[in-house]
Amino acid sequence: MRTATARAHPNIALVKYWGKADEELILPVAGSMSMTLDAFATTTTVTLDPGAESDVFVLNGSPATGTALARTTRFLDHVRELAGSSARARVDSVNEAPTAAGLASSASGFAALALAASRAFGLELDERALSRLARRGSGSACRSVVDRYAVWHAGTDDATSYAEPIEAPDLRLVIVTVDGAQKAVSSREGMRRTAATSPFYDAWISSTARTLEDMVRACAAGDLEQIGGITESHALRMHAVIASSEPPVRYLAPASVAVFDAAAALRAEGVFAHATADAGPNVCVLTTPGEAERVAAAVSPHGRVRIVGPGPGAHLVDEPVAAAAAEEVAR
Ligand code: PMV
């Protein structure tokens with residue numbers, strides 16, 4: 001029986017991905033840059049079941065149905081095509097991120113699935129090919145394949161759109177899970193709406209390409225002030241272009257804005273603190289290892305806080321998920 005188990009972590013973009021040039025291949029309109037986290041892993045075991053008629057996907061001990069199962073099967077279809085196989089598979093996945101943390105699990109999920117499935121189906125993919133494969137599940141997943149800091153090159157086709165590691169200073173993110181969250185519009189729907197209706201979309205695309213160049217240069221130079229400044233302004237630009245859609249989408253809640261204000265107040269006191277937020281109300285504050293505790297204390301009135309650092313890319317592990325999933329359920 002062919003089986004493989006892999007582990008991957010979520011990532012937070014410091015230069016954001018928002019908008020697809022190709023929905024089928026998941027090619028972005030511009031490149032992006034992220035930190036892979038050292039927390040909230042997804043561990044996934046894929047086991048081939050040649051006798052089965054359909055794939056099975058068990059997430060945190062419960063069989064998935066509907067969209068979650070359909071997305072997994074569509075992804076496995078792509079792996080089957082690459083491997084020249086028609087075998088169905090059982091996917092067991094455990095996601096350590098608390099649901100309330102609002103950290104999109106699709107990046108860690110598809111990065112772990114890409115590695116476990118490719119091995120179970122007998123494929124030996126290098127990091128670039130694995131990143132391209134993960135991208136087909138969820139765009140940002142291509143960055144979770146990579147250790148620590150990643151740049152996703154937008155590319156122009158399947159072969160040229162992938163993530164690779166870049167050097168950057170050792171940084172921390174203080175994740176603030178804020179209260180009062182409304183149900184978010186999915187990133188897929190939000191991106192479509194922005195592309196179709198925002199009068200600022202072209203400016204977002206062209207400016208993001210330049211922002212990424214500036215960020216890569218700042219990382220290479222170890223220029224913290226540039227890295228922090230770009231992180232916060234690019235996040236706010238993304239939320240601005242999203243808010244300019246019709247009908248408008250607003251992901252930030254009052255408590256999210258309060259965290260941006262807290263970061264500004266910290267900067268006024270000479271602390272390195274720059275806020276960013278994805279397609280939801282939770283905010284991450286970028287800081288240094290030495291200042292992380294102070295930042296965490298300052299933002300703690302606005303939500304639950306957790307300090308995370310740069311973590312490993314997708315990697316194989318020995319212990320299959322089944323045992324871990326049972327523990328999870330028993331807890
Ligand atoms: O990969 P998706 O479809 O989950 O989109 C991610 C979009 C953002 O998290 C808002 C930005 C990013 O670059 O991760």
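Residues numbered from 1 in each chain as written. Predicted model: local features only at pLDDT ≥ 70, side-chain atom pairs only at ≥ 80, totals over all residues. Heavy atoms only, no water.

### Brief notes about the state of the cysteines
1) Next: For the coordinates displayed, the defined rule picks out zero disulfides.
2) Next: Here C142 is not cross-linked by a disulfide; its sulfur's nearest cysteine counterpart is in C219, at 16 Å.
3) Next: Owing to a relative accessible area of 0%, C142 belongs among the buried residues under this scheme. (Disulfide = S-S within 2.5 Å. Buried < 20%, exposed > 50% of the residue type's maximum accessible area, 1.4 Å probe, protein only.)

### Let's talk about helix α9 (residues 292–299)
1) Next: By the burial criterion, the buried members of α9 are A292, V295, A296 and V299. Buried positions in α9, seen along its axis, are confined to an arc of 100° and lie on one side of it. Summarising the geometry of α9, the exposed residues directed more than 90 degrees from the buried face are E293 and A297.
2) Next: On its buried face, α9 is in contact with β12 (172–178), α8 (254–268), β14 (283–287) and β15 (303–308). (Helix = DSSP H or I, 4+ residues; strand = E, 2+ residues; numbered from the N terminus. Arc of directions from axis to C-beta. Contact = heavy atoms within 4.5 Å.)

### Focus: the site of the ligand
1) Next: Close to the ligand lie 14 residues; Y17, S138, S140, R143 and S187 are nearest.
2) Next: Y17 has a polar backbone atom sitting 2.9 Å from an oxygen atom of the ligand.
3) Next: Between the ligand and S140 there is a distance of 2.7 Å, counted from an oxygen atom to a side-chain nitrogen or oxygen.
4) Next: Relative to its free-state accessible area of 380 Å², the ligand is covered by the protein chains to the extent of 91%.
5) Next: Taken together, the residues of the shell around the ligand sort by class into six nonpolar, five polar and three charged. (Near = heavy atom within 4 Å. Polar contact = N/O pair within 3.5 Å; in protein donor to acceptor, adjacent residues only side chain to side chain. Areas by Shrake-Rupley, 256 points an atom, 1.4 Å probe, with all protein chains shown as cover. Nonpolar A, V, L, I, M, F, W, Y, C, P; charged D, E, K, R; others polar.)

### Quick notes on the sheet that holds β14
1) Next: The four strands are arranged β13-β14-β12-β15 in an open sheet whose pairing can be described as antiparallel. The open sheet terminates on both sides in strands that have one partner only, identified here as β13 (274–277) and β15. This sheet shows a mean twist of 25° between the axes of neighbouring strands, independent of strand direction.
2) Next: The pairing of β12 with β15 spans six bridges and is antiparallel. If you follow V178 over to β15, its bridge partner there is G303.
3) Next: Where helix α7 (residues 224–243) meets the sheet, it contacts β13 and β14, and its direction lies at approximately 35° from that of β13. (Pairing = 2+ DSSP bridges. Axes fitted to C-alpha atoms, helices over the stretch in contact; angles between N-to-C directions.)

### Quick notes on α8
1) Next: Taking 1.5 Å per residue, 15 residues should reach 21 Å; α8 reaches 21 Å between its end C-alpha atoms and fits that length.
2) Next: Among the residues of α8, S256, V259, F260, A262, A263 and L266 are the ones counted as buried. Along the long axis of α8, the arc covered by the buried residues comes to 155°, so they all point the same way. Turned more than 90 degrees away from the buried face of α8 sit P254, D261 and A268, all of them exposed.
3) Next: Each element contacted by the buried residues of α8 is listed here: β12, α7, β13, β14 and α9.
4) Next: Backbone geometry just downstream of α8 places G270 in the positive-phi region, at approximately 90°. (Expected span 1.5 Å × (residues − 1).)

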